[in-house]
2 protein chains.
Amino acid sequence: MSQVTLMQIAEKLNISVSTVSKALKDYPDVSDKTKGLVKELAKTLNYQPNAFAVNLRTKESKTIGLIIPAIVHHFFSNVIKGILAQAEKKGYLVIILQSNESYELEKKQINLLLRQRVDGILISIANTTRNFTHLSDVITQGKPLVMFDKIAKILECSKVVIDDRKAAKDATQHLIDTGCKRIAHFRGPLLSQNSIDRFLGYKEALEENNFIYDSSLVYICECGDSSFEEGKFNAKKLLQDHKDVDGVFINTDLVAIGALTAFAEMGIKVPDDISIVGFSNWFMSSVISPSLTTINQPGFEMGKAAFKQLHKELKQRKKSKTVVYEKIILDTALVKRDSTK
Amino acid sequence: MSQVTLMQIAEKLNISVSTVSKALKDYPDVSDKTKGLVKELAKTLNYQPNAFAVNLRTKESKTIGLIIPAIVHHFFSNVIKGILAQAEKKGYLVIILQSNESYELEKKQINLLLRQRVDGILISIANTTRNFTHLSDVITQGKPLVMFDKIAKILECSKVVIDDRKAAKDATQHLIDTGCKRIAHFRGPLLSQNSIDRFLGYKEALEENNFIYDSSLVYICECGDSSFEEGKFNAKKLLQDHKDVDGVFINTDLVAIGALTAFAEMGIKVPDDISIVGFSNWFMSSVISPSLTTINQPGFEMGKAAFKQLHKELKQRKKSKTVVYEKIILDTALVKRDSTK
DNA sequence: GAAAACTACGAAAAGGTTTTCGTAGGTTTG
DNA sequence: CAAACCTACGAAAACCTTTTCGTAGTTTTC
C-alpha cells in the first residue's frame, strides 16, 4: 500500500537514488542497460513520483486556482468547461473556488490559493469588489494572474473579455432596426463594470439614432439569485410607468425570461407589443416560448483563452522572458429569435 | 518577493528553526516571550508556511479531487456548489475534473489525482464506465472514495444517492392519479444505472395499478448534449406510433422540455391532451410554459452530504479507527406544475 | 544536599525528489 | 605517452517543515 520511492528502487538494484531518478527521466549520462533495469522495476512496483516532494523541489505544482462568482450559471459553467479542457491538454489541474459575489470571500480565497502556492490564478471578480490590493498582491508575489469577463480595468495583468458596450449597442440597434420607437433598459448593478458598459452601449445606440435618452426608462436589477423575479417585477413596473414602450434591452437572459413571463401573464404580446433582447444566450433562451433574441457570449472560448494566456505567461516566466500582458477581446454575436420582429 | 522561511526568521532572532516552528504553533515548551517575538516578526515579514514542504512532511494536502461527467448541467453544478461550500467550511480545496462521460478520461483523471496525492476523491461516474478497477485502486491505496448520484453498486465505498426507482414510481403514480390511462416513458441510456432504476420505477407503478406494461411505449434517449433534440424527436415519433398515449414520464427535464416544445409545435395541448412529468427540477422547468411537473433532485444537498461523508472518513482514518462505509439516500419530491392536471 | 522534576531551547532526522558537481576508469588525440 | 576527453555513475546539497529526543540549567522535593 505504502508508496514506492526512488530509494527503494535504488536499493533493490544496488545503485544510487540519483541514477534512478536520472534513468526515469532519460538523462543522457545513464547507460541504456541501467535505464532498462530501472524502468522495468519502476513499472512492476508501480512507482509514482511523490508529488509533494516534486513540488517542493521544483517550486511548482502544475496546479492553478480559479475563482468565480457563481458556478450554477450557464455562462460561467461554460467558462469553467473551457478552462478545464485547456488545462487538461497542458497537464494542469484546477482548484475551483466560488466567491459568491462576495469581496470578503474573494479576498480570503486569494490568500488560500497563495498559501497553497498554486502556479497561477484565474479570476472573474465579484460585483462587490472595489479594493484590488488582494489581486495586486498576487502580481507582486510574482504569480501570473489572468482576469476574465468581470475584470478590474485598473489592474495591470492580462484580461479576456467581450466588448460589453459594443454588444449592448448591437442589441439596442437591433431593436431600433426592427422598428422600436421607445426602448427601455433593465440594467444590472450600478457598480458592476459590465452593467455600466452595457448601459453605455444602450445609450450610445439611442444617441446615434437620435433617440432621446430617458433615464426613467432604465430599471435596475441585482442579477443575483432572484434574477427571474426581478425581471417579472420590473416588467410589471415598466408597464405601469410607461404605456408607450415597445422594446426592452435586458442586461441578462434570466431577467429577460422573467420579463417575458410577466408580459405573457399580463397579455402583452412579444414581439408584437413589446420586443425584447437579452444578453448571454443561455441555453434556456432558445427553448423558451417565444424564444429570446439575445447576445451570444462565448463562455467556453473565454475559458479556453484565459487559460491559454495564463499558460503563456507561465512559460514566459520560466524562461525569464519579460511577461507581456494582453487584453483579449472575444467576439459576441446577436442571435435573432422570436422575441424581436 | 521570494517567500519567507522559518530559517530566515530563526536567523534574525538568533534562535533555532525548531523553536520558531513550535512558537508559531503554540507548543507549550516555548516561553511566552519567545512566542511573542516570533509571532511579531512572522507577521511583519508576512510569513506563510510553504505548503509544499508541509504536504511532504504531513503527507496530506487538504485537497480533494472531484470527477464529474459534466459541469454545464444544472444538477451537477448544484452538486459542485454544495461540495465547495462544505469543503470551504472544513478548510479543504477541491480539484475539479470533467470526465465528459468518457470511461477512458475518467480512468486517466483518477490516476492524475492519485499521482497528485489528493487526500480523497469524490466521483460521479461516466455512463460508459463498466470496469471499476481504477476506482477500486483508489480504495486499495487507502484513499477515501465517495461516489454520488451515478454510482457503481458493486464497489465497497460510501455512496450518496437518491432513490431513482421510488422517485420514478412517484412520478408515474402522479400521472395515473391525474387520470392518465396510457403512459409512455422516455428513458435514458440502456446501461446507465439511474436510467435503469427510473425505468423500473415506471414499470412498477404501472404494475401496481394494473396497467399493462407495453415495451413499445418506451423510447430511449442518450441524454447527452442533444437532449433537447432527442426529446423533440421522440415526442414526434410517439405521436406517430401511438395516438392514444395521454401521459409521458421522461428521464430528464431537458428531454421533457424538448418534448413539450414538439407537442406545442404540433398543436398537442399539455396537459389536456398529454401530461408530462420530467426529472431533476432544472430551474428552466419552472419558467417554461407550460411549466413542467418534475421530480426535485437535491443537488446542493447531495454535494454537501458527499463531502461530509468524505471528511468523516478522512477523520476516521486519521484516528486509525475502522472506516464505516455509508449509503446515504436523499429525499426527492414531486413538484407539481402545469404539465400535469 | 542530593534526587527528582521542570523549563526552554536546539540538534537532527525524516519526508522524497532534483540537479549540480565530482570522479574513477576507460578511450581518443597529437 | 602525456594530455584531453568520454562514459557512467554517486555524493550531497537543496527545497522547508515537523517532531522526536536530548540536554543544560534551574527549581522543587524530602
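Residues numbered from 1 in each chain as written. Chains lettered and ligands numbered in written order. Predicted model: local features only at pLDDT ≥ 70, side-chain atom pairs only at ≥ 80, totals over all residues. Heavy atoms only, no water.

**Observations concerning the interface of chain B and chain A**
Turning to step 1, where the next piece is worked out: Across the contact, 45 residues belong to chain B and 45 residues belong to chain A.
Turning to step 2, where the next piece is worked out: Across the chain B/chain A interface, buried area totals approximately 4,500 Å², and carbon plus sulfur atoms make up 65% of it.
Turning to step 3, where the next piece is worked out: It is B:Phe52, B:Leu93 and B:Arg117 in chain B that bury the most area against chain A; as a group they hold 18% of the surface buried on that side.
Turning to step 4, where the next piece is worked out: Scanning the region where chain B abuts chain A turns up zero salt bridges.
Turning to step 5, where the next piece is worked out: The interface formed by chain B and chain A holds nine residue pairs in polar contact (both at pLDDT 80 or more) in total.
Turning to step 6, where the next piece is worked out: Going through the elements one at a time, α4 (51-58), α5 (74-90), β2 (93-98), α6 (103-116), α11 (253-265) and α12 (284-287) of chain B are the ones with two or more residues in the side of chain B that touches chain A.
Turning to step 7, where the next piece is worked out: When residues in the side of chain B that touches chain A are grouped by element, the largest group, seven residues, is from α5(B). (Contact = heavy atoms within 4.5 Å. Buried area = accessible area lost by both parts, 1.4 Å probe. Salt bridge = Lys/Arg side-chain N within 4 Å of Asp/Glu carboxyl O. Polar contact = N/O pair within 3.5 Å; in protein donor to acceptor, adjacent residues only side chain to side chain. Helix = DSSP H or I, 4+ residues; strand = E, 2+ residues; numbered from the N terminus.)

**Some thoughts on the sheet that holds strand β9 (residues 275-277) of chain A**
Residues and elements named next belong to chain A.
Turning to step 1, where the next piece is worked out: Pairing within the open sheet is parallel, and its four strands lie in the order β7-β6-β8-β9. What marks the edges here is a single partner per strand, and that holds for β7 (218-220) and β9. Between one strand axis and the next, the sheet turns by 20 degrees as a mean value, whatever way the strands run.
Turning to step 2, where the next piece is worked out: Bridge count between strand β6 (residues 183-187) and strand β8 (residues 247-250): four bridges; the pairing is parallel. Bridge pairing in β8 links Ile 183 to Gly 247.
Turning to step 3, where the next piece is worked out: Where helix α9 (residues 193-208) meets the sheet, its contacts fall on β6, β7 and β8, and the angle it forms with β6 comes to roughly 170 degrees. (Pairing = 2+ DSSP bridges. Axes fitted to C-alpha atoms, helices over the stretch in contact; angles between N-to-C directions.)

**Some thoughts on the domain arrangement of chain A**
Turning to step 1, where the next piece is worked out: Domain assignment breaks chain A into domain 1 (6-49), domain 2 (61-162 + 299-331) and domain 3 (164-296).
Turning to step 2, where the next piece is worked out: Computed from C-alpha coordinates alone, the two centres of domain 1 of chain A and domain 2 of chain A are separated by 38 Å. (Domains from an automatic or database assignment.)

**Focus on the packing of aromatic side chains**
Working definition: an aromatic ring pair is given by the centre-to-centre distance plus the angle between the planes.
Turning to step 1, where the next piece is worked out: As enumerated under the stated definition, the model contains 14 aromatic pairs over all chains in all.
Turning to step 2, where the next piece is worked out: Plain terms: the ring middles of A:Phe199 and A:Tyr202 are 6.4 Å apart, the flat faces sit at 35 degrees to each other, and that makes the pair tilted. Placement of both A:Phe199 and A:Tyr202 in helix α9 is noted, with a separation of three residues, approximately one turn of the helix. The same class applies to A:Phe199 as to A:Tyr202, namely buried.
Turning to step 3, where the next piece is worked out: Relative to B:Phe283, the ring of A:Phe228 lies with its centre 6.0 Å away and its plane at 85 degrees, an arrangement referred to as edge-to-face. In this pair, A:Phe228 sits in helix α10 (residues 227-241) while B:Phe283 sits in the loop between β9 (275-277) and α12, so the two residues belong to two different chains.
Turning to step 4, where the next piece is worked out: The residue whose ring lies beneath A:Arg187 is A:Phe199, and the NZ or CZ to ring-centre distance is 5.2 Å.
Turning to step 5, where the next piece is worked out: Geometry around B:Phe279 places B:Arg198 over its ring, the cationic atom sitting 3.7 Å from the centre. (Phe/Tyr/Trp six-rings, centres within 6.5 Å; stacked < 30°, edge-to-face > 60°. Buried < 20%, exposed > 50% of the residue type's maximum accessible area, 1.4 Å probe, protein only. Lys NZ or Arg CZ within 6 Å of the ring centre and 35° of its normal.)

**Topic: the layout of surface pockets**
Turning to step 1, where the next piece is worked out: The calculated volume of the second largest pocket comes to roughly 1,600 Å³.
Turning to step 2, where the next piece is worked out: If you go around the second largest pocket, you meet 50 residues; those closest to its centre are A:Arg117, B:Pro49, B:Asn50, B:Ala51 and B:Phe52.
Turning to step 3, where the next piece is worked out: Secondary structure elements with two or more residues in the lining of the second largest pocket: α4 (51-58), α6 (103-116) and α13 (299-318) of chain A together with α1 (6-13), α2 (17-24) and α4 of chain B.
Turning to step 4, where the next piece is worked out: Looking at the lining of the second largest pocket element by element, the count peaks at seven residues for α4(B).
Turning to step 5, where the next piece is worked out: Taken together, the residues that form the lining of the second largest pocket break down as 19 nonpolar, 15 polar and 16 charged. (1 Å grid on protein atoms, 1.4 Å probe; cavity = no way out; pocket = protein on both sides within 12 Å on 5 of 7 lines; lining within 4 Å. Points joined across faces, edges and corners; volume = space filled by probe spheres on them. Nonpolar A, V, L, I, M, F, W, Y, C, P; charged D, E, K, R; others polar.)

**Side note on the protein's contact with DNA strand D**
Turning to step 1, where the next piece is worked out: Looking at DNA strand D, there are 27 residues lining it, with A:Thr19, A:Lys22, B:Leu6, B:Tyr47 and B:Arg57 nearest.
Turning to step 2, where the next piece is worked out: In DNA strand D, the atoms that sit within 4 Å of the protein are 58% sugar and phosphate, with bases accounting for the remainder.
Turning to step 3, where the next piece is worked out: Take A:Thr19: an N or O atom from its side chain is 2.6 Å from a phosphate oxygen of DNA strand D.
Turning to step 4, where the next piece is worked out: A:Arg57 has a polar side-chain atom sitting 3.2 Å from a base nitrogen of DNA strand D.
Turning to step 5, where the next piece is worked out: Considering each element in turn, the surface near DNA strand D owes the most residues, four residues, to α2(B).
Turning to step 6, where the next piece is worked out: Tallied by class, residues from the surface near DNA strand D come to ten nonpolar, ten polar and seven charged. (Near = heavy atom within 4 Å.)

**As for the sheet that holds strand β6 (residues 183-187) of chain B**
All names here are of chain B.
Turning to step 1, where the next piece is worked out: Strands sit in the order β7-β6-β8-β9 across an open sheet of four strands; the sheet is parallel. The two strands at the open ends of the sheet, each matched to only one other strand, are β7 (218-220) and β9. Each strand axis lies, on average, 20 degrees off the axis of its neighbour in the sheet, ignoring direction.
Turning to step 2, where the next piece is worked out: Those strands touched by helix α9 (residues 193-208) are β6, β7 and β8 (247-250), and its axis lies near 170 degrees from that of β6.
Turning to step 3, where the next piece is worked out: Strand contacts of α11: β6, β8 and β9, with the helix running at about 165 degrees to β9, the strand carrying the most contacts.

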